[in-house]
Amino acid sequence: LSVCFRTVEPLEYYRRFLKENCRPDGRELGEFRATTVNIGKSCCSITTADGSALVKLGNTTVICGVKAELAAPAVDSANKGYIVPNVELPSLCSTRFRSGPPGEEAQAASQFIADVIENSQIIAKEDLCIANGKLAWVLYCDIICLDYDGNILDASAFALLAALKNVQLPSVTINEETGLSEVNLKQKNSLIIRKHPVATSFAIFDDTLLIVDPTAEEEDLATGTVTIVTDDEGRLCSVHKPGGSPLTGAKLQDCITRAITRHKEVKKLIDKVIKSIKPK
(Lines give C-alpha, C1' and ligand atoms only; values in the text may rest on other atoms or scores of the structure.)
Protein backbone atom coordinates (compact mmCIF):
# COMPACT_ATOMS: atom_id res chain seq x y z
CA LEU A 1 0.00 0.00 0.00
CA SER A 2 2.77 2.46 0.96
CA VAL A 3 4.56 1.77 -2.36
CA CYS A 4 1.39 2.68 -4.29
CA PHE A 5 0.87 5.79 -2.12
CA ARG A 6 4.48 6.87 -2.71
CA THR A 7 4.02 6.46 -6.47
CA VAL A 8 0.65 8.24 -6.72
CA GLU A 9 1.17 10.96 -4.07
CA PRO A 10 4.95 11.24 -3.53
CA LEU A 11 4.80 14.69 -1.92
CA GLU A 12 2.08 13.73 0.56
CA TYR A 13 4.02 10.54 1.32
CA TYR A 14 7.10 12.64 2.18
CA ARG A 15 5.12 15.11 4.24
CA ARG A 16 3.95 12.33 6.56
CA PHE A 17 7.58 11.52 7.35
CA LEU A 18 8.68 15.15 7.59
CA LYS A 19 5.99 15.81 10.20
CA GLU A 20 7.80 13.26 12.36
CA ASN A 21 11.17 14.95 11.65
CA CYS A 22 12.50 12.04 9.64
CA ARG A 23 12.73 10.89 6.03
CA PRO A 24 11.65 7.70 4.21
CA ASP A 25 15.27 6.46 4.14
CA GLY A 26 15.44 6.70 7.95
CA ARG A 27 17.61 9.81 8.11
CA GLU A 28 16.91 12.81 10.29
CA LEU A 29 16.35 16.10 8.43
CA GLY A 30 19.90 17.33 9.17
CA GLU A 31 21.65 14.01 8.53
CA PHE A 32 23.93 13.26 5.59
CA ARG A 33 24.03 9.94 3.78
CA ALA A 34 27.01 7.67 4.37
CA THR A 35 30.03 9.38 2.76
CA THR A 36 33.17 7.65 1.51
CA VAL A 37 36.20 8.89 -0.41
CA ASN A 38 38.98 6.94 -2.10
CA ILE A 39 42.00 8.81 -3.38
CA GLY A 40 44.59 8.02 -6.05
CA LYS A 41 45.37 4.49 -7.15
CA SER A 42 43.21 3.04 -4.38
CA CYS A 43 40.09 4.53 -6.00
CA CYS A 44 40.30 3.73 -9.68
CA SER A 45 42.57 2.86 -12.52
CA ILE A 46 42.85 6.25 -14.23
CA THR A 47 46.49 5.69 -15.08
CA THR A 48 46.67 8.82 -17.25
CA ALA A 49 45.53 11.17 -14.45
CA ASP A 50 47.98 13.15 -12.33
CA GLY A 51 45.50 12.98 -9.44
CA SER A 52 42.17 11.23 -8.91
CA ALA A 53 39.45 10.58 -6.36
CA LEU A 54 36.14 8.76 -6.09
CA VAL A 55 33.40 10.03 -3.77
CA LYS A 56 30.21 8.25 -2.74
CA LEU A 57 27.38 10.17 -1.08
CA GLY A 58 24.77 7.48 -0.48
CA ASN A 59 24.15 6.12 -4.00
CA THR A 60 25.51 9.22 -5.73
CA THR A 61 28.96 8.27 -7.06
CA VAL A 62 31.37 10.75 -8.65
CA ILE A 63 34.90 10.33 -9.95
CA CYS A 64 37.36 13.16 -10.57
CA GLY A 65 40.53 12.94 -12.62
CA VAL A 66 43.03 15.82 -12.88
CA LYS A 67 45.29 15.98 -15.93
CA ALA A 68 48.11 18.52 -16.02
CA GLU A 69 49.52 19.96 -19.24
CA LEU A 70 52.01 22.73 -20.05
CA ALA A 71 50.94 25.88 -21.89
CA ALA A 72 51.85 29.52 -22.36
CA PRO A 73 50.14 31.86 -19.87
CA ALA A 74 47.54 34.31 -21.13
CA VAL A 75 48.97 37.70 -22.17
CA ASP A 76 46.96 39.56 -19.51
CA SER A 77 47.84 36.97 -16.80
CA ALA A 78 51.51 36.32 -17.52
CA ASN A 79 52.18 34.98 -14.01
CA LYS A 80 49.19 32.62 -13.76
CA GLY A 81 48.27 29.10 -14.81
CA TYR A 82 44.82 27.72 -15.54
CA ILE A 83 42.26 25.46 -13.87
CA VAL A 84 39.61 24.08 -16.25
CA PRO A 85 36.78 22.14 -14.58
CA ASN A 86 34.14 20.09 -16.40
CA VAL A 87 31.25 18.12 -14.89
CA GLU A 88 29.73 15.29 -16.94
CA LEU A 89 26.34 13.71 -16.27
CA PRO A 90 26.30 10.87 -18.81
CA SER A 91 23.19 8.87 -19.66
CA LEU A 92 24.68 5.82 -17.90
CA CYS A 93 24.39 7.51 -14.47
CA SER A 94 20.62 8.13 -14.60
CA THR A 95 17.62 7.83 -16.90
CA ARG A 96 17.07 11.59 -16.50
CA PHE A 97 20.10 12.38 -18.69
CA ARG A 98 20.53 11.88 -22.43
CA SER A 99 23.59 11.19 -24.57
CA GLY A 100 24.96 14.12 -26.53
CA PRO A 101 26.12 17.63 -25.64
CA PRO A 102 26.11 18.64 -21.93
CA GLY A 103 22.59 19.35 -20.65
CA GLU A 104 21.51 22.28 -18.52
CA GLU A 105 22.24 20.54 -15.21
CA ALA A 106 25.76 19.51 -16.27
CA GLN A 107 26.53 23.04 -17.47
CA ALA A 108 25.21 24.53 -14.22
CA ALA A 109 27.32 22.08 -12.19
CA SER A 110 30.46 22.94 -14.21
CA GLN A 111 29.85 26.66 -13.64
CA PHE A 112 29.28 26.03 -9.92
CA ILE A 113 32.63 24.20 -9.63
CA ALA A 114 34.38 26.99 -11.59
CA ASP A 115 32.89 29.54 -9.15
CA VAL A 116 34.01 27.47 -6.14
CA ILE A 117 37.57 27.35 -7.49
CA GLU A 118 37.57 31.11 -8.13
CA ASN A 119 35.82 32.27 -4.94
CA SER A 120 37.62 29.99 -2.49
CA GLN A 121 41.10 30.39 -4.01
CA ILE A 122 41.60 26.64 -3.45
CA ILE A 123 44.78 27.03 -5.52
CA ALA A 124 46.50 30.32 -6.27
CA LYS A 125 46.85 30.42 -10.06
CA GLU A 126 50.22 32.12 -9.53
CA ASP A 127 51.44 28.83 -8.01
CA LEU A 128 50.83 27.16 -11.40
CA CYS A 129 53.20 29.53 -13.22
CA ILE A 130 56.60 28.03 -14.05
CA ALA A 131 58.20 30.94 -15.96
CA ASN A 132 56.58 34.37 -16.09
CA GLY A 133 55.04 34.96 -19.52
CA LYS A 134 56.53 31.74 -20.89
CA LEU A 135 55.21 28.58 -19.25
CA ALA A 136 52.48 27.50 -16.84
CA TRP A 137 50.48 24.46 -15.80
CA VAL A 138 46.93 23.87 -17.01
CA LEU A 139 44.89 21.60 -14.73
CA TYR A 140 42.02 19.88 -16.53
CA CYS A 141 39.61 18.66 -13.84
CA ASP A 142 37.11 16.17 -15.26
CA ILE A 143 34.32 15.24 -12.85
CA ILE A 144 32.14 12.37 -14.07
CA CYS A 145 29.01 11.11 -12.33
CA LEU A 146 28.83 7.30 -12.38
CA ASP A 147 25.59 6.98 -10.41
CA TYR A 148 23.17 9.87 -9.86
CA ASP A 149 20.93 10.06 -6.80
CA GLY A 150 20.85 13.78 -6.04
CA ASN A 151 23.23 16.31 -4.50
CA ILE A 152 25.69 16.30 -7.39
CA LEU A 153 27.21 19.63 -6.28
CA ASP A 154 28.43 18.42 -2.87
CA ALA A 155 29.83 15.20 -4.35
CA SER A 156 31.56 17.05 -7.23
CA ALA A 157 33.18 19.67 -4.97
CA PHE A 158 34.35 16.94 -2.58
CA ALA A 159 35.81 14.80 -5.42
CA LEU A 160 37.60 17.83 -6.90
CA LEU A 161 39.21 18.75 -3.58
CA ALA A 162 40.30 15.16 -2.90
CA ALA A 163 41.73 14.72 -6.42
CA LEU A 164 43.67 18.02 -6.27
CA LYS A 165 45.21 16.96 -2.96
CA ASN A 166 46.42 13.81 -4.74
CA VAL A 167 48.06 15.58 -7.70
CA GLN A 168 51.81 15.12 -8.17
CA LEU A 169 53.46 17.34 -10.80
CA PRO A 170 56.95 16.76 -12.19
CA SER A 171 59.60 19.43 -11.72
CA VAL A 172 59.87 21.69 -14.79
CA THR A 173 62.60 24.20 -15.62
CA ILE A 174 63.42 26.25 -18.70
CA ASN A 175 66.87 25.81 -20.17
CA GLU A 176 68.27 29.34 -20.50
CA GLU A 177 70.49 28.42 -23.45
CA THR A 178 67.89 26.66 -25.61
CA GLY A 179 64.75 28.26 -24.19
CA LEU A 180 63.13 24.81 -24.07
CA SER A 181 61.38 23.30 -21.07
CA GLU A 182 62.96 20.35 -19.28
CA VAL A 183 60.76 17.96 -17.33
CA ASN A 184 62.17 15.90 -14.47
CA LEU A 185 59.73 12.99 -13.97
CA LYS A 186 61.77 11.65 -11.04
CA GLN A 187 61.18 14.77 -8.96
CA LYS A 188 57.48 15.36 -8.27
CA ASN A 189 55.74 17.91 -6.09
CA SER A 190 52.27 18.15 -4.60
CA LEU A 191 50.04 21.12 -5.39
CA ILE A 192 49.81 23.87 -2.79
CA ILE A 193 46.19 23.63 -1.60
CA ARG A 194 45.53 27.01 0.02
CA LYS A 195 41.89 26.46 0.99
CA HIS A 196 39.62 23.45 1.45
CA PRO A 197 36.18 24.50 0.16
CA VAL A 198 33.33 22.15 1.09
CA ALA A 199 29.79 22.36 -0.32
CA THR A 200 26.70 21.60 1.76
CA SER A 201 23.34 21.39 -0.04
CA PHE A 202 19.82 21.68 1.30
CA ALA A 203 16.39 21.07 -0.21
CA ILE A 204 13.50 23.33 0.83
CA PHE A 205 10.14 21.62 1.37
CA ASP A 206 6.85 23.53 1.33
CA ASP A 207 8.79 26.82 1.32
CA THR A 208 9.90 26.46 4.96
CA LEU A 209 11.37 23.08 5.90
CA LEU A 210 15.08 22.44 5.27
CA ILE A 211 16.59 19.00 4.70
CA VAL A 212 20.28 18.39 4.13
CA ASP A 213 21.88 16.22 1.40
CA PRO A 214 18.74 15.61 -0.70
CA THR A 215 18.31 12.52 -2.85
CA ALA A 216 17.16 12.87 -6.47
CA GLU A 217 13.56 12.19 -5.40
CA GLU A 218 13.77 14.84 -2.66
CA GLU A 219 15.20 17.38 -5.11
CA ASP A 220 12.31 16.73 -7.50
CA LEU A 221 9.71 17.28 -4.76
CA ALA A 222 11.41 20.31 -3.17
CA THR A 223 10.26 23.89 -3.68
CA GLY A 224 13.89 25.00 -3.92
CA THR A 225 17.51 24.15 -3.14
CA VAL A 226 20.45 26.05 -1.70
CA THR A 227 24.15 25.16 -1.55
CA ILE A 228 26.53 26.78 0.94
CA VAL A 229 30.30 26.62 0.39
CA THR A 230 32.60 27.27 3.36
CA ASP A 231 36.37 27.16 3.86
CA ASP A 232 38.77 26.14 6.65
CA GLU A 233 38.13 29.28 8.70
CA GLY A 234 34.36 28.88 8.52
CA ARG A 235 34.18 31.73 6.02
CA LEU A 236 31.48 31.78 3.36
CA CYS A 237 32.92 31.20 -0.13
CA SER A 238 29.60 31.21 -1.97
CA VAL A 239 25.85 30.71 -1.74
CA HIS A 240 24.30 28.99 -4.74
CA LYS A 241 20.55 29.37 -4.95
CA PRO A 242 18.98 28.67 -8.34
CA GLY A 243 15.53 30.23 -7.82
CA GLY A 244 12.77 28.48 -5.89
CA SER A 245 11.50 29.33 -2.41
CA PRO A 246 13.12 32.34 -0.74
CA LEU A 247 14.96 31.85 2.55
CA THR A 248 14.73 34.06 5.64
CA GLY A 249 17.95 35.37 7.15
CA ALA A 250 17.48 33.04 10.12
CA LYS A 251 17.04 29.97 7.88
CA LEU A 252 20.12 30.93 5.85
CA GLN A 253 22.12 31.29 9.06
CA ASP A 254 20.97 27.77 10.07
CA CYS A 255 22.29 26.48 6.74
CA ILE A 256 25.66 28.23 7.22
CA THR A 257 26.02 26.80 10.76
CA ARG A 258 25.31 23.27 9.48
CA ALA A 259 27.72 23.82 6.57
CA ILE A 260 30.56 24.77 8.93
CA THR A 261 30.00 21.53 10.89
CA ARG A 262 29.92 19.54 7.64
CA HIS A 263 33.20 21.15 6.56
CA LYS A 264 34.95 19.73 9.63
CA GLU A 265 33.52 16.25 8.93
CA VAL A 266 34.67 16.27 5.28
CA LYS A 267 38.14 17.67 6.07
CA LYS A 268 38.61 15.00 8.75
CA LEU A 269 37.58 12.29 6.28
CA ILE A 270 40.00 13.49 3.59
CA ASP A 271 42.88 13.82 6.06
CA LYS A 272 42.25 10.29 7.35
CA VAL A 273 42.29 8.78 3.85
CA ILE A 274 45.41 10.71 2.77
CA LYS A 275 47.21 9.62 5.95
CA SER A 276 46.31 5.97 5.27
CA ILE A 277 47.74 6.00 1.71
CA LYS A 278 51.00 7.80 2.51
CA PRO A 279 54.00 5.46 2.45
CA LYS A 280 55.07 4.49 5.95
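Residue positions are counted from 1 within each chain, in the order its sequence is given. Whole-chain, interface and lining totals are the exception, using all residues; otherwise, since this is a predicted model, local features are given only for residues with pLDDT of at least 70 and side-chain atom pairs are given and counted only at 80 or more. Hydrogens and water are ignored here; the side-chain numbers use all heavy atoms of the structure.

Defined as follows: UniProt positions are given in the numbering used here, feature names are shortened, and annotations may be inferred rather than shown by experiment.
Looking at an unreviewed UniProt entry, one finds the protein named Exosome complex component RRP43 and attributed to Oceanodroma tethys. One UniProt comment on the protein, placed under Sequence similarities (unreviewed entry), says "Belongs to the RNase PH family."

Some details on the overall build of the protein
Put simply, the rule reads: In this description a helix means any DSSP run of H or I spanning at least four residues, a strand means any run of E spanning at least two, and both kinds are numbered starting from the N terminus. It is over C-alpha atoms that the radius of gyration is taken, and the globule rule equals 2.2 Å times the number of residues to the power 0.38. Relative accessible area decides the class of each residue, using a 1.4 Å probe on protein chains only: under 20% of the type maximum gives buried, over 50% gives exposed, and in between gives partly exposed. Any two residues whose heavy atoms approach within 4.5 Å are treated as being in contact. Using a 1.4 Å probe, accessible areas were evaluated by the Shrake-Rupley method; residue-level cover was limited to the displayed protein chains.
Along the protein, the regular secondary structure elements total six helices and twelve strands. Taking 2.2 N^0.38 as the reference for a compact globule, 280 residues should give roughly 19 Å; the C-alpha atoms of the protein span a radius of gyration of 21 Å, in line with that estimate. Taken along its principal axes, the extent of the C-alpha atoms in the protein is 80 × 45 × 40 Å. Scored against the burial criterion, the 280 residues of the protein give a buried share of 45%. Taking the contacts inside the protein whose residues are at least 6 apart along the sequence as the reference set, 66% of them involve residues at least 24 apart. Only carbon and sulfur atoms are counted for the fraction: they give 52% of the accessible area of the protein, which is about 14400 Å².

Quick notes on the pattern of salt bridges
Going by this rule: A carboxyl oxygen of Asp or Glu within 4 Å of a side-chain nitrogen of Lys or Arg is what we treat as a salt bridge.
This structure, assessed with the given rule, holds 17 salt bridges. Lys267 is paired through a salt bridge with Asp271; the nearest N and O atoms lie 2.9 Å apart. With Lys267 and Asp271 both in helix α6 (residues 249-277), this residue pair falls four residues apart, about one helical turn. A residue is classified by how much of its surface remains accessible, and Asp271, at 34% relative accessible area, is partly exposed. When salt bridges that share partners are traced, they join Arg23, Asp25, Arg27, Arg33, Asp149, Asp213 and Glu218 into one network.

Some thoughts on the packing of helix α3 (residues 104-120) against helix α4 (residues 152-164)
What counts is decided by this rule: Structural elements are reduced to axes, namely lines fitted to C-alpha atoms, with helices fitted over the stretch in contact, and the angle between N-to-C directions of any two is expressed from 0 to 180 degrees. Note on angle classes: values under 35 degrees are labelled roughly parallel, values over 145 roughly antiparallel, values of 65 to 115 roughly perpendicular, and the remainder oblique. Crossing chirality is assigned from the near helix's rotation relative to the far helix, an anticlockwise turn below a right angle marking it left-handed and a clockwise turn marking it right-handed. Lys, Arg, Asp and Glu make up the charged group, whereas Ala, Val, Leu, Ile, Met, Phe, Trp, Tyr, Cys and Pro make up the nonpolar group; the residues left over, Gly among them, are polar.
α4 packs onto α3 with a crossing angle of 45° between their chain directions and a minimal axis gap of 10 Å. Between α3 and α4, the interaxial angle falls into the category oblique. You can see that α3 and α4 cross each other, and the crossing is right-handed. Taking contact as the criterion, the partners of Glu105, Ala109, Phe112, Ile113 and Ile117 in α3 are, on α4, Ile152, Leu153, Ser156, Ala157 and Leu160. Looking at side-chain class alone, the contact of α3 with α4 contains eight nonpolar, one polar and one charged residues.

Looking at the layout of surface pockets
Operational definition: Grid points spaced at 1 Å over the protein atoms alone were grouped into cavities, where a 1.4 Å probe fits but cannot get out, and pockets, open sets with protein on both sides within 12 Å along at least five of seven lines, with lining residues defined by an atom within 4 Å of a point. Grid points are joined across faces, edges and corners, and a volume is the space filled by probe spheres set on the points.
Considering only enclosed or pocket space, the second largest pocket measures out at about 360 Å³ in volume. As for the second largest pocket, its lining consists of 17 residues, and the residues nearest its centre are Glu105, Tyr148, Leu153, Glu219 and Thr225. Mapped onto the lining of the second largest pocket, the elements with two or more residues apiece are α3, α4, α5 (216-221) and β11 (224-230). Looking at the lining of the second largest pocket element by element, the count peaks at four residues for α3. A breakdown of the residues in the lining of the second largest pocket according to their chemical character gives eight nonpolar, five polar and four charged.

So, the packing of aromatic side chains
Selection rule: The pairing test for Phe, Tyr and Trp rings, Trp by its six-membered ring, is centres within 6.5 Å, and the orientation test on the planes gives stacked under 30 degrees, edge-to-face over 60, and tilted for anything in between.
Here the structure, examined in full by the defined rule, presents four aromatic pairs. Ring geometry for Tyr14 and Phe205: centres 5.9 Å apart, planes at 20°, overall stacked. Of this pair, Tyr14 sits in helix α2 (residues 10-18) while Phe205 sits in strand β9 (residues 198-205), placing them 191 residues apart in sequence. The two residues Tyr14 and Phe205 agree in class, both being buried.

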